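# Breakdown of the fold
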Amino acid sequence: EDQVTQSPEALRLQEGESSSLNCSYTVSGLRGLFWYRQDPGKGPEFLFTLYSAGEEKEKERLKATLTKKESFLHITAPKPEDSATYLCAVQEYRDSSYKLIFGSGTRLLVRP
Amino acid sequence: DTEVTQTPKHLVMGMTNKKSLKCEQHMGHRAMYWYKQKAKKPPELMFVYSYEKLSINESVPSRFSPECPNSSLLNLHLHALQPEDSALYLCASRGNEKLFFGSGTQLSVL
């Protein structure tokens, strides 16, 4: 069965202090690795999809990378508004439908 | 319109009540989802509808009853819930190879 593990569970950064979040996965055949951002009491907001090892995507201060076993979300010079829970998920195809299997998330707090 | 709209935003119900959650999207997506999320936990899949037919039921108790009246609407009927069913219920639709989530319904069962 597909599994997704995220680390660290929580991360506190000072504004401007760059860091990386990790997502390791075990799947029988990767059909996409997704990153979502979730604010408290809200639904997840799509950030990136990665499909193959070596692929990279960027959006503002965020950059996602993918290897055969893990993905990283790099946050460069974060701002307090980047504080949120970041969820990683792998996509599975079953019973003629796609489903996302989420990791437990990394709660990021960026202090001014 | 790239929104998934969920109503109500908050719901408090007793264990003997019957209530329904509603989800609507007008993006033309043909797959819709219900997820349940407990505090500080990841979303857990409950149901998937594909072309208005139930395709995945993740062994959800029968006190949760999904319904997909048409391609734009998804309902979740609730009956005889337990306090441990209190959670954020998220609806999503799939399009452009990704899931679009609504803001959720925060459900409290007393």
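Cut-off values and rules
Residues numbered from 1 in each chain as written. Chains lettered and ligands numbered in written order. Predicted model: local features only at pLDDT ≥ 70, side-chain atom pairs only at ≥ 80, totals over all residues. Heavy atoms only, no water. 1 Å grid on protein atoms, 1.4 Å probe; cavity = no way out; pocket = protein on both sides within 12 Å on 5 of 7 lines; lining within 4 Å. Points joined across faces, edges and corners; volume = space filled by probe spheres on them. Nonpolar A, V, L, I, M, F, W, Y, C, P; charged D, E, K, R; others polar. Helix = DSSP H or I, 4+ residues; strand = E, 2+ residues; numbered from the N terminus. Core = buried A, V, L, I, M, F, W, Y, C linked by side-chain atoms within 4.5 Å. Buried < 20%, exposed > 50% of the residue type's maximum accessible area, 1.4 Å probe, protein only. Contact = heavy atoms within 4.5 Å. Disulfide = S-S within 2.5 Å.

Residues and elements named next belong to chain B. Counted by the stated rule, this structure contains 1 cavity of 30 Å³ or more. Its boundaries defined by the atoms lining it, the largest cavity holds a volume of some 30 Å³. Lining of the largest cavity is provided by Arg30, Ala31, Met32, Tyr49, Tyr51, Glu52, Cys68 and Ser71. Across the lining of the largest cavity, the residue classes tally to 5 nonpolar, 1 polar and 2 charged.

Another point: the layout of surface pockets. Taken as a whole, the largest pocket spans an internal volume of roughly 450 Å³. Contributions of two or more residues to the lining of the largest pocket are made by strand E2 (10-14), strand E9 (84-94) and strand E11 (106-111) of chain A together with strand E9 (87-95) of chain B. Looking at the lining of the largest pocket, its residues break down into 11 nonpolar, 7 polar and 6 charged. In this structure, the second largest pocket spans a volume of roughly 310 Å³. Lining the second largest pocket are 16 residues, with A:Glu1, A:Lys99, A:Leu100, A:Ile101 and A:Phe102 sitting closest to its centre. The leading source of residues in the lining of the second largest pocket is strand E10 (residues 97-102) of chain A, at 4 residues. Residues belonging to the lining of the second largest pocket are distributed by class as follows: 8 nonpolar, 1 polar and 7 charged.

What follows concerns the nonpolar core. Ranked by size, the top nonpolar core spans 24 residues in total, and within it B:Trp34, B:Phe64, B:Leu76 and B:Leu78 carry the most contacts. Look past the residues within four positions of B:Leu78 in its chain and what remains in contact with it is B:Leu11, B:Met13, B:Asn17, B:Lys18, B:Lys19, B:Leu21, B:Arg63, B:Phe64 and B:Leu107. In this structure, A:Val4, A:Leu33, A:Leu62 and A:Leu108 belong to the second largest nonpolar core, which totals 23 residues.

Further remarks concern the state of the cysteines. Under the definition given, this model contains 2 disulfides over all chains. Note on cysteine connectivity: A:Cys23 is disulfide-linked to A:Cys88, with sulfurs 1.9 Å apart. One quick way to see it: the torsion about the S-S bond of A:Cys23 and A:Cys88 is about -60 degrees, and its sign makes the bridge left-handed. With a gap of 65 residues between them, A:Cys23 in strand E3 (residues 19-26) and A:Cys88 in strand E9 connect regions that are remote in the sequence. By the burial criterion, A:Cys23 is buried, and A:Cys88 matches it. Looking at the unpaired B:Cys68, the closest cysteine sulfur is the one in B:Cys91, lying at 9.2 Å.

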